[in-house]
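Commentary on secondary and tertiary structure
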Amino acid sequence: MLCRVGQIRRCAASLNQTINQVAASRQKHTLPDLTYDYGALEPHINAEIMQLHHSKHHATYVNNLNVTEEKYQEALAKGDVTTQVALQPALKFNGGGHINHTIFWTSLSPNGGGEPQGELMEAIKRDFGSFQKMKEKMSAATVAVQGSGWGWLGYEKESGRLRIAACANQDPLQGTTGLIPLLGIDVWEHAYYLQYKNVRPDYVKAIWNVINWENESERLQTAKK
Ligand SMILES: [Fe+2]
């Protein structure tokens, strides 16, 4: 009998451990795989930049987001509001970094470039006059980001219109402006310096050659629902 009680306890402990492991693993964010090789966007973005950007920089945001969320959950469980507040900047920075880069990789494609089709193109023409004018406006806003940040084409749900915006650091577009992101251009130096040095305008000019307009069109469809 004692033997059976011991077995049940061990079984229960093992089950609890498994549940905790599953719960912990479900909360963890992971680095998304790219659907193309690191060298696939050459000559516009070289393989060394892509490899470091994805496997080092984005991976660091993911790791730090997981660490921050763990600390936040501990603070939440303890009712420790001071620590919850103190963790907000790290949550914004690393959470934004993960969100932004996850969008960025899918916004690029070795088969990209050219112009969007269908509803997205119609919306661009309606809100900016032409595709060329949108490109010029977004390029200017992106190049003008002071220090590190992102240029964005976003969808404003209230008006149903497209907007250009710039965000500092890793501020996520929707979380800080309400605009739903369609296309983001990363202008942190880690995104271009190894190839373009300090000439950010050349990098912004080149990136249009690898924009995955199909992905941006899908984002617009999802945003409108
Ligand atoms: Fe980046």
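- An unreviewed UniProt entry lists the chain under the name Superoxide dismutase, from Epinephelus coioides.
- The UniProt entry for the chain carries this comment under Subunit (unreviewed entry): "Homotetramer."
- Quoted verbatim from the Sequence similarities (unreviewed entry) field of UniProt, the annotation for the chain is "Belongs to the iron/manganese superoxide dismutase family."

Thoughts on the overall build of the chain
- Check the secondary structure of the chain and you find ten helices and three strands.
- When the helices and strands of the chain are placed in sequence order, the string is α-α-α-α-α-α-β-β-α-β-α-α-α.
- Residues classed as buried in the chain amount to 40% of the 225 residues present.
- A separation of at least 24 residues holds for 69% of the contacts in the chain among residues at least 6 apart in sequence.
- Carbon and sulfur atoms make up 52% of the accessible area of the chain, which amounts to about 12,500 Å² in all.

What to know about the side chain of Arg200
- Within the secondary structure, Arg200 is located in helix H9 (residues 200-207).
- As a buried residue without a salt bridge, Arg200 has its nearest oppositely charged side chain in Glu189, at a separation of 6.3 Å.
- For Arg200, the side chain forms a polar contact with the main-chain oxygen of Val143, separated by 3.1 Å.
- Excluding residues within four positions of it along the chain, Arg200 makes contact with Thr142, Val143, Ala144, Val145, Gly147, Val187 and Tyr192.

A few points about the coordination of the iron ion
- The iron ion binds to the protein through His53 (NE2), His101 (NE2), Asp186 (OD) and His190 (NE2); the donor distances cover 1.9 to 2.1 Å.
- What the four donor atoms of the iron ion show is an angle range of 89 to 136° at the metal, which sorts the shape as irregular.
- Donor residues for the iron ion, ordered by position in the chain, follow H-x47-H-x84-D-x3-H. Of the two residues, His53 sits in helix H2 (residues 47-78) while His101 sits in helix H4 (residues 88-107), which places them 48 residues apart along the sequence. There is no split in this pair, since His53 and His101 are both buried.

Describing the environment of Gln221
- One can find Gln221 in helix H10 (residues 213-224).
- Residues Gln221 and Leu182, spaced 39 residues apart in sequence, show a C-alpha to C-alpha distance of 9.9 Å.

Focus: the packing of aromatic side chains
- This model, assessed by the stated rule, comprises nine aromatic pairs.
- An aromatic cluster is built from Phe104, Trp105, Trp150 and Trp152, whose rings are joined through pairwise contacts.

A word on helix H5 (residues 118-128)
- Those residues of H5 not exposed but buried are Leu120, Met121, Ala123, Ile124, Asp127 and Phe128. Angular distribution of buried residues about the axis of H5 spans 160°; they occupy a single face of the element.
- Looking at the packing, one finds that the buried side of H5 touches helix H6 (131-143), strand E1 (149-156), strand E2 (161-168), strand E3 (180-186) and H10.
- Two residues or fewer after H5 comes Gly129, characterised by a positive phi angle close to 100°.

Quick notes on the environment of Trp150
- Structurally, Trp150 is set in strand E1.
- Classification of Trp150 by relative accessible area gives buried; the value is 0%.
- Looking at Trp150, its side chain comes within polar contact range of the side chain of Gln170, at 2.8 Å.

Things to note about the UniProt feature "binding site: Mn(2+)" (unreviewed entry) in the chain
- UniProt's feature table lists "binding site: Mn(2+)" (unreviewed entry) at His53, His101, Asp186 and His190, given in the numbering used throughout. Maximum C-alpha separation among the annotated residues is 12.2 Å over a sequence range of 138 residues, consistent with a single clustered spot.
- Taking relative accessible area as the criterion, His53 reaches 1% and is therefore assigned buried.
- In this structure His53 touches His58, His101, Phe104, Trp105, Asp186, His190 and Ala191, once residues within four positions along its chain are discounted.
- Looking at His101, the relative accessible area reads 0%, which means it is buried.
- In this structure, His101 is in contact with His53, His58, Tyr61, Trp150, Gln170, Asp186 and His190, ignoring residues within four places of it in sequence.

A look at the nonpolar core
- Ranked by internal contacts, the top residues of the largest apolar core, which has 49 residues, are Met134, Leu162 and Tyr203.
- In terms of residue count, H5 provides more of this core than any other element does, five residues in total.
- Those residues in contact with Tyr203, other than ones at most four positions away along the chain, are Ile45, Phe104, Ile185, Asp186, Val187, Ala191, Tyr192 and Tyr196.

Definitions and limits used
Residues numbered from 1 in each chain as written. Predicted model: local features only at pLDDT ≥ 70, side-chain atom pairs only at ≥ 80, totals over all residues. Heavy atoms only, no water. UniProt positions renumbered as here; feature names shortened; annotations may be inferred. Helix = DSSP H or I, 4+ residues; strand = E, 2+ residues; numbered from the N terminus. Buried < 20%, exposed > 50% of the residue type's maximum accessible area, 1.4 Å probe, protein only. Contact = heavy atoms within 4.5 Å. Areas by Shrake-Rupley, 256 points an atom, 1.4 Å probe, with all protein chains shown as cover. Lys, Arg positive; Asp, Glu negative; His and termini not counted. Salt bridge = Lys/Arg side-chain N within 4 Å of Asp/Glu carboxyl O. Polar contact = N/O pair within 3.5 Å; in protein donor to acceptor, adjacent residues only side chain to side chain. Donors = N, O, S within 2.8 Å, 3.2 Å for Na, K, Ca; no water. Tetrahedral: all angles 85-135°; square planar, octahedral: opposite > 155°, others 65-115°. Phe/Tyr/Trp six-rings, centres within 6.5 Å; stacked < 30°, edge-to-face > 60°. Arc of directions from axis to C-beta. Core = buried A, V, L, I, M, F, W, Y, C linked by side-chain atoms within 4.5 Å.

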